[in-house]
Amino acid sequence: MKRFPLALLLVATALPLAAAPADLSLQHWRDALPFSFRYGGRASSALLPAWQRSEQDTPVPGGERHRISFDDPATGLQVVADVRTFTQYHAIEWVLHFRNQGAGDTPVLENIEPLDMSVEPQADCVVYHARGSDQRADDFAPLAEPVIPGYVVRLESAGGMSSSEHTLPYFNLAMGSDGVIGAIGWTGNWAATFNYGEFTKVMQMTAGMKKTHLVLHPNEEIRTPRILLLGWTGGDWQAAQNNWRRLVLDYYSPHQNNRPLAGPLIVGSWGDGVSVADRLASIREIKMLGMPANVYAMDAAWYGKARPGNKYHWYQSRGDWWPKKEAFPDGLAPLRDALRQAGLGFSLWIEPETANPGTQLIDEHPEWFLHVPVPADNSHNVARSAGSALLNLGNPAARAGITALVSRLITDAGVTWYRQDSNNPTEAYWATQDTPDRIGMTEIKYIEGLYTMWDDLLAQHPGLCIDNCASGGRRLDLEMISRSFIVWRSDYGSSDSIAEQMQTQGLAPWVPLNGGQESAVATSPWSHPGELGSTAQVYLARGGYSAGYGTGARLADDAWMPWMAKVFTEYREVQPYFYGDFYPLLPYTLDTRAWTAWQWDLPGQTRGLVVLLRRPNGPFPTMELSLHAIDAKATYDVEIRTGLEPAAVHPMSGEALAHLQVTLPERPSSELIFYSRRP
């Protein structure tokens, strides 16, 4: 996040003001046209009124879609805005398309801002957002940036990955008791600015790609980042986040059976070092124990070919997307057949956008790949130090080829959860391809190709689920979460239970479909090895509860799988609550002396769940909490569960439940509180 004095920035021509705080009606959108660009050196605000304009409205589930077109008769450039409105939500979404319908190249199209909107705040302004993923304990930590008159707050991506490092591509601009939540749907480079005029007292919001300066060839078409805005009023910004969660779950999450996709309950293993016999034994044990897992996952390193100097490192073998003969003499078919017989899905890891020198894919199709020089001082970067190349998804032949390869693998291996990783910082590769009159074009075509690849795979394999990894949570923009579930949300591993807890608290307000891990029950420093039923172990297991959940298979420990079967049974009971409204009951902190407490309330069902976690150094055994969405005059059935076994249900007044006092004498320890209002 950066703030700049107003004088240092070029301020775009102000658009008509939205009614305070933000008029998100379709009519205002049509009148204000909340986007901007420069074309042939002139601002779009000066050009579009003179262009030919046409509109077409189409009903869609939950609202309407409106196509508004602008045609330049002089050059043949067409600008199309696909706008969506929602019946249930005060929200509006749009994406722009630019197409050259002329016989020659267009003039330069630049500074494209698909969001360029001004509002007139009635109170002090704060931009609430969250850190991106950077393999740190504070991944997804909540952040707040006051917007001071005369300065600009800037949010931006890093390295060509939409949610890497600095921030997630979401924001909540609070202006007192009113505000607007926004999302930038773009899986590459983006930037958003909040410019509060020192004298005008006008707030100008802009968002789009970091840099565009390009001409379009005849019949060439590009799209922009998708913009989604949700207005809110009469409350605080945190209360508004639950309306955002509902909108995302309804319209921007993958669905199955007309409901948001249920997160996987995974037992997994690394792709190397585990024999086929041991994998089959794990599958049999899952079935024998009645463990409610529904997916078996195999991570990286299952692929590769023997060649001189090849040590089968997972990154060195990227580009040899065929099972290792030594590890899988019969391919993946035995694993596929055993999983089908056990009624389990199969999650398989692949990083199709990357290949290393000497692998089959790059040897057979060198023209598919982009390269960058390897900096001498960049040895810490695994992908770059290995000299890896980036598959150019903007090349139609490359995209079609990798899509066909992955599709065959999905079919042959019986994959039900396709896990796509991406560990290359794409920005450096894109920059090597752009010419001065095509800046931004390589990135645009690449990102469009990525979406096409995923859409093709989903169309070719009905029921397929996509697990969006990307170095752990570095591609969590609106476009990607609409197509995928985030099973592995951070590469800051599951050995830190407190970080795992805070990943849930930081990410839940923005991205509902994300998964947690079992918090390294066997390795955390305050656990008690061998005491799998201890209070500490239950605390560690519950620390990773989220919309999805997983653990690793550990055959060396005979007690491990039976223990995790009990944890999974409890998790399956609580999983539906993670699709409800989310209320963090205590502040975000990584302090080992603190408590963590969350409330998950199912709107319209008058029931919910409270998760309490007393951390290992917490000095206070008692905590009083203020719950949300509780009717003080009603009576509730309440179960207070400390261990994994269900506890007795007792009546409790709404007044007592709303001001709940909890005592956990041990540390670390945990408690689940289920509540349901009586009719």
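Residues numbered from 1 in each chain as written. Predicted model: local features only at pLDDT ≥ 70, side-chain atom pairs only at ≥ 80, totals over all residues. Heavy atoms only, no water.

Caption draft 1: Region of the structure containing helix α8 (residues 396-413). Between its first and last C-alpha, α8 extends 26 Å over 18 residues, near the 26 Å set by a 1.5 Å rise per residue. Those residues of α8 lying buried are A398, G401, I402, T403, L405, V406, S407, L409, I410 and A413. If you follow the buried residues of α8, they end up packed against α5 (333-342), β24 (345-350), α6 (360-364), β27 (389-391), β28 (417-420) and α10 (441-460). Two or three places before A397, at the opening of α8, N395 has a side-chain oxygen 2.9 Å from that residue's backbone nitrogen. Trailing α8 by a residue or two, G414 shows a phi angle of about 70°, which is positive. (Helix = DSSP H or I, 4+ residues; strand = E, 2+ residues; numbered from the N terminus. Expected span 1.5 Å × (residues − 1). Buried < 20%, exposed > 50% of the residue type's maximum accessible area, 1.4 Å probe, protein only. Contact = heavy atoms within 4.5 Å. Polar contact = N/O pair within 3.5 Å; in protein donor to acceptor, adjacent residues only side chain to side chain.)

Caption draft 2: Quick peek at the nonpolar core. Judged by nonpolar contacts, the single largest core of 149 residues is most densely connected at F37, F98, F171, L173, F194 and Y418. L168, A183, L230 and Y252 belong to the second-largest nonpolar core, a separate cluster that totals 27 residues. (Core = buried A, V, L, I, M, F, W, Y, C linked by side-chain atoms within 4.5 Å.)

Caption draft 3: Local environment of the pattern of salt bridges. Applying the stated criterion across every chain yields a total of 32 salt bridges. We note a salt bridge from E573 to R641, for which the minimum N-O separation is 3.0 Å. Of this pair, E573 sits in helix α15 (residues 560-574) while R641 sits in strand β37 (residues 635-641), and the two are 68 residues apart along the sequence. A relative accessible area of 36% places E573 in the partly exposed class. Via salt bridges that share partners, E93, R223, R226, D455, E479 and R483 belong to a single interconnected network. (Salt bridge = Lys/Arg side-chain N within 4 Å of Asp/Glu carboxyl O.)

Caption draft 4: Inspection of the sheet that holds strand β38 (residues 649-653) at higher detail. Spatial strand order, β33-β34-β35-β40-β37-β38: 6 strands in an open sheet with antiparallel pairing. A single partner strand is all that each edge strand has here, and the edge strands are β33 (581-584) and β38. Put simply, the sheet's adjacent strands are angled 25° from each other on average, direction ignored. Bridging between β37 and β38 involves 5 bridges; their strand directions are antiparallel. Within the sheet, the bridge partner assigned to E639 lies in β38 and is V649. The sheet contacts of helix α3 (residues 237-251) involve β33 and β34 (595-602), and relative to β33 the element is tilted by about 150°. Relative to β34, helix α13 (residues 497-507) is tilted by about 40°, and along the sheet it contacts β33, β34 and β35 (607-614). (Pairing = 2+ DSSP bridges. Axes fitted to C-alpha atoms, helices over the stretch in contact; angles between N-to-C directions.)

Caption draft 5: Quick look at the sheet that holds strand β8 (residues 109-113). Taken in spatial order, the 5 strands line up as β3-β2-β8-β17-β29 in an open sheet, and their pairing is antiparallel. The sheet terminates laterally at β3 (42-43) and β29 (438-439), the two strands that pair on one side only. With 2 bridges joining them, strand β17 (residues 213-214) and β29 adopt antiparallel strand pairing. For H213, the partnering residue across the bridge sits in β29 and is I439.

Caption draft 6: Representation of the pairing of β24 in the model. Across the 6 residues of β24, 6 count as buried, placing the element largely inside the fold. Of the two faces of β24, both are covered, the one formed by G345, S347 and W349 as well as the one formed by F346, L348 and I350. Both β24 and β28 contribute to a ladder of 4 bridges, which runs parallel. Residue pairing for β28: S347 is matched across the bridge by W417.

Caption draft 7: The state of the cysteines, seen in detail. Counting across every chain of the model gives 0 disulfides. Not engaged in a disulfide, the cysteine C465 finds its nearest cysteine sulfur in C469; these two sulfurs lie 16 Å apart. (Disulfide = S-S within 2.5 Å.)

Caption draft 8: Summary view of α3. The first and last C-alpha atoms of α3 sit 21 Å apart over 15 residues, in line with the 21 Å expected at 1.5 Å per residue. Restricting attention to buried positions, one finds in α3 the residues W237, A240, Q241, N242, W244, R245, L247, V248 and L249.

Caption draft 9: Just the environment of V248, in detail. Locating V248 in the fold gives a position in helix α3. Measuring from C-alpha to C-alpha, the distance between V248 and T435 comes to 38 Å, with 187 residues separating the pair along the chain. Setting aside chain neighbours within four positions, we find V248 in contact with S253, I481, W510 and P512.

Caption draft 10: Geometry of the side chain of D116. Tracing the backbone shows D116 in strand β9 (residues 115-119). One buried charged side chain, D116, makes no salt bridge at all; its nearest oppositely charged neighbour is R38, positioned 9.8 Å away. Only 2.8 Å separates the side chain of D116 from the side chain of Q204, close enough to count as a polar contact. (Lys, Arg positive; Asp, Glu negative; His and termini not counted.)

Caption draft 11: Spotlight on the packing of α8 against α10. Where α8 meets α10, the closest approach of the two axes is 10 Å, and the angle between their N-to-C directions is 30°. Between α8 and α10 lies a crossing of right-handed hand. Of α10, the residues touching α8 (which contributes R399, I402, T403, V406, S407 and I410) are G449, T452, M453, D456, L457 and Q460. Along the lines of polarity and charge, the residues of the contact of α8 with α10 split into 5 nonpolar, 5 polar and 2 charged. (Left-handed = near helix turned anticlockwise from the far one by under 90°. Nonpolar A, V, L, I, M, F, W, Y, C, P; charged D, E, K, R; others polar.)

Caption draft 12: Representation of the environment of A658 within the structure. You can see A658 is positioned in helix α16 (residues 654-658). If sequence neighbours within four positions are ignored, A658 has contacts with L625, S626, L627 and I630.

Caption draft 13: The packing of aromatic side chains, seen in detail. Following the criterion strictly, the structure yields 30 aromatic pairs and no others. Relative to Y251, the ring of Y89 lies with its centre 6.4 Å away and its plane at 85°, an arrangement referred to as edge-to-face. Here Y89 is found in the loop between β6 (77-86) and β7 (91-100), whereas its partner Y251 is found in helix α3, with 162 residues between them in sequence. Owing to a relative accessible area of 5%, Y89 belongs among the buried residues under this scheme. With a centroid separation of 4.9 Å and an interplanar angle of 75°, the aromatic rings of F171 and F194 are classed as edge-to-face. With a gap of 23 residues between them, F171 in strand β13 (residues 170-175) and F194 in strand β15 (residues 191-196) connect regions that are remote in the sequence. Here F171 and F194 have matching classes, each one buried. Above the face of the W322 ring, K305 is positioned so that its terminal group lies 5.1 Å from the ring centre. (Phe/Tyr/Trp six-rings, centres within 6.5 Å; stacked < 30°, edge-to-face > 60°. Lys NZ or Arg CZ within 6 Å of the ring centre and 35° of its normal.)

Caption draft 14: Structural context of the packing of helix α14 (residues 535-542) against α15. Where α14 meets α15, the closest approach of the two axes is 11 Å, and the angle between their N-to-C directions is 55°. Of the possible angle classes, the one that applies to α14 and α15 is oblique. Classified by chirality, the crossing of α15 by α14 is right-handed. Counting all contacts with α14, which are made through Q537, V538, A541 and R542, the residues of α15 involved are W563, V567 and E570. (Parallel < 35°, antiparallel > 145°, perpendicular 65-115°, else oblique.)

Caption draft 15: How the structure looks around the side chain of S669. Turning to its location among the elements, S669 is positioned in strand β40 (residues 669-677). Judged by its relative accessible area of 3%, S669 is buried. Within the structure, S669 has its side chain in polar contact with the backbone oxygen of E666 (distance 2.6 Å). With residues near it in sequence (within four places) discarded, S669 still touches T535, Y539, L612, L613, R614 and L664.

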